[in-house]
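Architecture at a glance
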Amino acid sequence: RCSPWEGQSAPAVDHGSGGDDLRLLELLPRLQGARGQRRRRIHIHPPVWRLLRSGGTVMLWIFWPSFNGLLATEDGRLRCYINTYISLIGSTTTTFIVSGLLSNKKFSMEDIQNSTLAGGVIVGATADMVLQPYGACVAGSFIGIISTVGYRFLSSRIYEKLKVHDTCGVHNLHGLPGLLAGLISVPVVVLASEESYGLSLYKIFPRSAPIEGSHDLKRIQEELPDIEAGEGRAMAFQALVQLIGVAISLVFAIVAGLVTGLLISYEKIIEQVPDHQLFDDELFWNMPDHDDAGFVIKKGERRKSRSRSIIPRSVDGMAHLSPAVQFALKTDGQHNVGFSP
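Rules behind the numbers
- Residues numbered from 1 in each chain as written.
- Predicted model: local features only at pLDDT ≥ 70, side-chain atom pairs only at ≥ 80, totals over all residues.
- Heavy atoms only, no water.
- pLDDT = per-residue confidence, 0-100.
- Contact = heavy atoms within 4.5 Å.
- Axes fitted to C-alpha atoms, helices over the stretch in contact; angles between N-to-C directions.
- Helix = DSSP H or I, 4+ residues; strand = E, 2+ residues; numbered from the N terminus.
- Left-handed = near helix turned anticlockwise from the far one by under 90°.
- Nonpolar A, V, L, I, M, F, W, Y, C, P; charged D, E, K, R; others polar.
- Patch = residues over 30% accessible without salt bridge, like charges linked within 9 Å, V, L, I, M, F, W, Y side chains within 5 Å.
- Areas by Shrake-Rupley, 256 points an atom, 1.4 Å probe, with all protein chains shown as cover.
- Salt bridge = Lys/Arg side-chain N within 4 Å of Asp/Glu carboxyl O.
- Buried < 20%, exposed > 50% of the residue type's maximum accessible area, 1.4 Å probe, protein only.
- Phe/Tyr/Trp six-rings, centres within 6.5 Å; stacked < 30°, edge-to-face > 60°.
- Parallel < 35°, antiparallel > 145°, perpendicular 65-115°, else oblique.
- Polar contact = N/O pair within 3.5 Å; in protein donor to acceptor, adjacent residues only side chain to side chain.

With that out of the way, let us pick up the confidence of the model for the chain. In this model, the chain carries a mean pLDDT of 75, and residues with pLDDT of at least 70 account for 69%. The low-confidence segment residues 1-5 (pLDDT under 50) makes 15 contacts with residues lying over four places distant or belonging to another chain. Segment residues 26-44: pLDDT under 50, and 65 contacts once partners within four positions in sequence are set aside and those in other chains are kept.

Once that is clear, we can look at the packing of helix H3 (residues 74-102) against helix H6 (residues 132-162). Two numbers describe how H3 lies on H6: the axes approach to 7 Å, and their chain directions differ by 35°. The handedness of the crossing between H3 and H6 is right-handed. Taken together, the residues of the contact of H3 with H6 sort by class into eleven nonpolar, twelve polar and one charged.

Before going further, it helps to examine a nonpolar patch on the surface. Taken together, the side chains of Val-58, Met-59, Leu-60, Ile-62, Phe-63, Phe-67, Leu-78, Tyr-81, Ile-82 and Tyr-85 make up a nonpolar region of the molecular surface, amounting to roughly 890 Å² of accessible area. Only helix H2 (47-68) and H3 provide two or more residues apiece to the nonpolar patch. The biggest single contributor to the nonpolar patch is H2, with six residues. With respect to the helices and strands, the residue Met-59 is situated in helix H2. Its relative accessible area of 46% is what places Met-59 among the partly exposed residues.

Summed over the entire model, instances satisfying the criterion amount to three aromatic pairs. Ring centres of Phe-96 and Phe-107 lie 5.0 Å apart, and the angle between their planes is 80°; on these two criteria the pair is classed as edge-to-face. Of the two residues, Phe-96 is situated in helix H3 and Phe-107 in the loop between H3 and helix H4 (109-114); the sequence distance between them amounts to eleven residues. According to the relative accessible area criterion, Phe-96 is partly exposed, its value standing at 32%.

This part takes up the side chain of Ser-208. Within the element layout of this structure, Ser-208 appears in the loop between helix H9 (201-204) and helix H10 (215-223). Judged by its relative accessible area of 8%, Ser-208 falls in the buried class. Not counting the four nearest positions on each side in its chain, Ser-208 is found in contact with Tyr-202, Gly-232, Arg-233 and Met-235.

As a further point, take the packing of H6 against helix H7 (residues 170-191). Closest axis-to-axis distance for the H6/H7 pair is 9 Å, and the angle between their directions is 125°. By the angle between their directions, the pair H6 and H7 is classed as oblique. As for how H6 packs across H7, the hand of that crossing is right-handed. Of the residues in H7, those touching H6 at Phe-142, Ile-143, Ile-146, Ser-147, Gly-150, Tyr-151, Leu-154, Ser-155 and Ile-158 are His-171, Asn-172, Leu-173, Leu-176, Pro-177 and Leu-180. Residue composition of the contact of H6 with H7, by class: ten nonpolar, five polar and no charged.

Among all residues except glycine, the phi angle is most often negative; among peptide bonds, the trans geometry is most common. The phi dihedral of Lys-105 falls on the positive side, at around 65°, and the residue is not glycine. For Lys-105, the position within the fold is in the loop between H3 and H4. On the basis of relative accessible area, Lys-105 is assigned to the exposed category, the value being 80%. Phi is positive for Gln-132, close to 70°, though the residue is something other than glycine. Taking relative accessible area as the criterion, Gln-132 reaches 37% and is therefore assigned partly exposed.

Summarising the element assignment, Met-235 is placed in helix H11 (residues 235-264). Through-space distance from the C-alpha of Met-235 to that of Ser-208 is 7.2 Å; in sequence the pair is 27 residues apart. Residues within four places of Met-235 in sequence aside, it is in contact with Val-189, Val-190, Ala-192, Leu-201, Phe-205 and Ser-208.

On to the pattern of salt bridges. A complete count under the given rule lists seven salt bridges for this structure. Salt-bridge contacts for Arg-233 lead to Glu-231; the nearest nitrogen and oxygen are separated by 3.3 Å. A cluster of three or more residues bridged by salt bridges with shared partners is formed by Glu-74, Lys-203 and Asp-226.

Turning next to the side chain of Thr-95. Along the chain, the position of Thr-95 falls in helix H3. You can call Thr-95 buried: its relative accessible area is 0%. Separated by 2.6 Å, the side chain of Thr-95 and the backbone oxygen of Ser-91 make a polar contact. Excluding anything up to four places from it in sequence, Thr-95 contacts Asp-111, Ile-112, Ser-115, Thr-116, Gly-144 and Thr-148.

In this section: the environment of Ala-229. Mapping Ala-229 onto the fold places it in the loop between H10 and H11. Of the residues examined, Ala-229 reaches a relative accessible area of 23% and is grouped as partly exposed. Distance in space between the C-alpha atoms of Ala-229 and Glu-212 is 5.1 Å, their sequence separation being 17 residues.

What follows is the structure, encoded as structure tokens:
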């Protein structure tokens, strides 16, 4: 009740602000100049790890409705489950279609592991509301396209222009869908009414309940005694509050990201990892002399675990890699990125 925005807006704030926070946290050390030209290594996971990550995607896909429905109650929780699953189906369908169209009728594992989940993010702020099946499907299908295109083109542009390597696709799966989820909540709240929701509307938006002592409040409490007096807030004003909430989350993300990035880039506070040891597991982990990483460097030969990179020494045959990885390999090859023995 203390939050200025109500309903299911918390997931959208978490995703949107968290996505921008992480991107700014990574960007700021490059703005400092000293470490702006740090060497980047991009690890290409062996097939077995890609398979395990796919299992994680399936688990998230199954349980995502429970994430969105955590704060919902009664029939609102049921709508959360239905809207989230329909949106996930839409994003999964369009992800496979767009990924195939952009990869010569072959699918990219990066797209499938991430963009298929974007449908659960975009309805995070409105999952307990009356979206109608077609609304949830359209939202999920739309963000599936946007997220897949983002992984294919936008990630490499961000790396090229800002030198920010979005290693986990935070922007395309969490940041952008979370921001759109907050914006979608504005028209959905405007259209909300007692006629379409019944008296449960005042459980979703407690501040919109009639004020204390009013005739409308007595009428409502005769049917639902647990409804408390509110502020009589109009839904149009509540929609404005939703929009302000999105702006607040973005400002908080930007400030928190910049402050955090400044702190971790200050060498007197946190010891910096030397450039030549970046992305080197041996710095923090006990590594075996040899292991079977599943990545074939040469025919019949597998890499040694103490090699500093599992990326092949030539960029031949990179068609199966994501565009962001291909771009980094091609543009940073002259700086010995990912090609050292």
